[in-house]
Amino acid sequence: MTEDAPAIFQALEASNFAATIRQSVWLYPFANVGHIVALVCFAGAIAVMDLRLIGALAATAPAKVIGRARRVVIVALCALAATGFLLFSAEASHVIMNPVFLTKMSLVAAGIVNVTIYEFGAKRAVMALPPGAAMPQVARVAGFVSLGIWIVVAGLGRTIAYF
Amino acid sequence: MKRSLVLLAGALALAAPAAAHHGWGSYDAARPVTVTGPITTSKYENPHATITVKGADKTWTVTLAPTSRMMTRGALAQLVAVGKTVSAYGYPSTVEKDEMRAERITVDGKTVEMR
């Protein structure tokens, strides 16, 4: 326990819930492996979405490719959040002070802002496009930014334990 | 091309010390210490078991291994329970005061590797 951490995170780490995660033989490893499996699904699906936005996979209409990948992305993101919360809770007061974790969370927020801007700004136009049509500039930028953000997020996630 | 190679070499040189320790990066392997004394607190928990040991000079927080690894190697919770006398060989933290990560521990004449 680190006393430098805000009280809410000390309380989370001290909770029965967090103690159960730490003391169970399988719960922490389950969350650890589950987080990686969810990440693999998330990374694959979001790469398909981003590449389509950039202009790859152009033989299929964007609505088809992006719509299917989007479902996987949403489920995988929920799984990432759930398993991530288990991992975080076990060591909340330490992890919240970890600069790599904070950078990662800022980028996750940036990734969600990016997709929100796309969803409200360009999605309607993109979804109406036929196969092979040129992608609007906004969509291409959103795709590039997303791809970059999530690759860095994955790298930072792996790095948290080393700081 | 030449410049990118220089940059790559620089990046590798920076990365090398961290990779060499693989999770032991914040511990000073050049200054190994052996702490011997009674265990005063014991947390047999994930992601790493942790004990505090009343050494000759001060009380050390000793970070051990994940519990599943310790079980596999026969270091069950009762081996590192409060009151046991332990000898821990490991490396002091470069971040946390009075904390070390054990390479191996000896309790009741039994030595268990933690890495």
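All of these numbers come straight from a predicted model, not from anything done at the bench.

A. Spatial organisation of the interface of chain B and chain A. Taken residue by residue, the interface counts eight residues in chain B and eight residues in chain A. When grouped by side-chain class, the residues that make up the side of chain B that touches chain A number two nonpolar, five polar and one charged.

B. Examining helix H1 (residues 7–14) of chain A more closely. All names here are of chain A. Considered for burial, the residues of H1 that qualify are Phe9, Leu12 and Glu13. All buried residues of H1 fall inside an arc of 95° around its axis, so they share one side. Of the exposed residues in H1, the ones pointing more than 90 degrees away from its buried face are Ala7 and Ile8. The inward-facing, buried residues of H1 contact helix H2 (16–23), helix H4 (62–90) and helix H5 (92–95).

C. Spotlight on the pairing of strand E4 (residues 85–92) of chain B. All names here are of chain B. Of the pairings in the sheet, the one linking strand E1 (residues 33–43) to E4 comprises six bridges and is antiparallel in character. Bridge pairing links Gly37 to Val86 in E4. Where E4 folds back on strand E5 (residues 99–107), the antiparallel hairpin that results is connected by six residues, among which Asp98 adopts a positive phi of roughly 60°.

D. Focus on the packing of helix H3 (residues 27–54) of chain A against helix H8 (residues 137–159) of chain A. Residue and element names in this part refer to chain A. Relative orientation of the contacting elements H3 and H8 amounts to 155°, with a least axis distance of 7 Å. By the criterion of interaxial angle, the relationship of H3 to H8 is roughly antiparallel. The handedness of the crossing between H3 and H8 is left-handed. Across the interface between the two elements, Leu39, Ala43, Ile46, Ala47, Asp50, Leu53 and Ile54 from H3 touch Ala139, Arg140, Ala142, Gly143, Phe144, Ser146, Leu147, Trp150 and Ala154 from H8. Tallied by class, the residues present in the contact of H3 with H8 amount to 12 nonpolar, two polar and two charged.

E. Focus on H3(A). All names here are of chain A. Taking 1.5 Å per residue, 28 residues should reach 40 Å; H3 reaches 39 Å between its end C-alpha atoms and fits that length. Taken together, the buried positions of H3 are occupied by Tyr28, Ala31, His35, Ala38, Leu39, Phe42, Ala45, Ile46, Met49, Asp50, Arg52 and Leu53. Those residues of H3 that are buried lie in contact with H2, H4 and H8. Following H3 by one or two positions, Gly55 has its phi on the positive side, about 130°.

F. Layout of the confidence of the model for chain B. Here chain B averages 85 in pLDDT, and 80% of its residues register 70 or above. Here the prediction assigns the complex a pTM of 0.82, and the interface score ipTM is 0.74.

G. Molecular detail of the pairing of E5(B). Residue and element names in this part refer to chain B. Across three bridges, the pairing between strand E3 (residues 59–63) and E5 is parallel. In the strand pairing of E5, Thr63 is matched with Arg101. Here E4 runs beside E5; their pairing, made up of seven bridges, is antiparallel. Residue pairing for E5: Gly90 is matched across the bridge by Ala102. In terms of strand pairing, E5 meets strand E6 (residues 110–113) through four bridges, oriented antiparallel. From the neighbouring strand, Ile105 faces E6, where its bridge partner is Val112. Between E5 and E6, which follow one another and run antiparallel, lie two residues, and Asp108 among them has a positive phi close to 50°.

Rules used in this analysis
Residues numbered from 1 in each chain as written. Chains lettered and ligands numbered in written order. Predicted model: local features only at pLDDT ≥ 70, side-chain atom pairs only at ≥ 80, totals over all residues. Contact = placed C-beta atoms within 7 Å. Nonpolar A, V, L, I, M, F, W, Y, C, P; charged D, E, K, R; others polar. Buried ≥ 20, exposed ≤ 12 C-beta atoms within 10 Å, placed from the backbone. Helix = DSSP H or I, 4+ residues; strand = E, 2+ residues; numbered from the N terminus. Arc of directions from axis to C-beta. Pairing = 2+ DSSP bridges. Axes fitted to C-alpha atoms, helices over the stretch in contact; angles between N-to-C directions. Parallel < 35°, antiparallel > 145°, perpendicular 65-115°, else oblique. Left-handed = near helix turned anticlockwise from the far one by under 90°. Expected span 1.5 Å × (residues − 1). pLDDT = per-residue confidence, 0-100.

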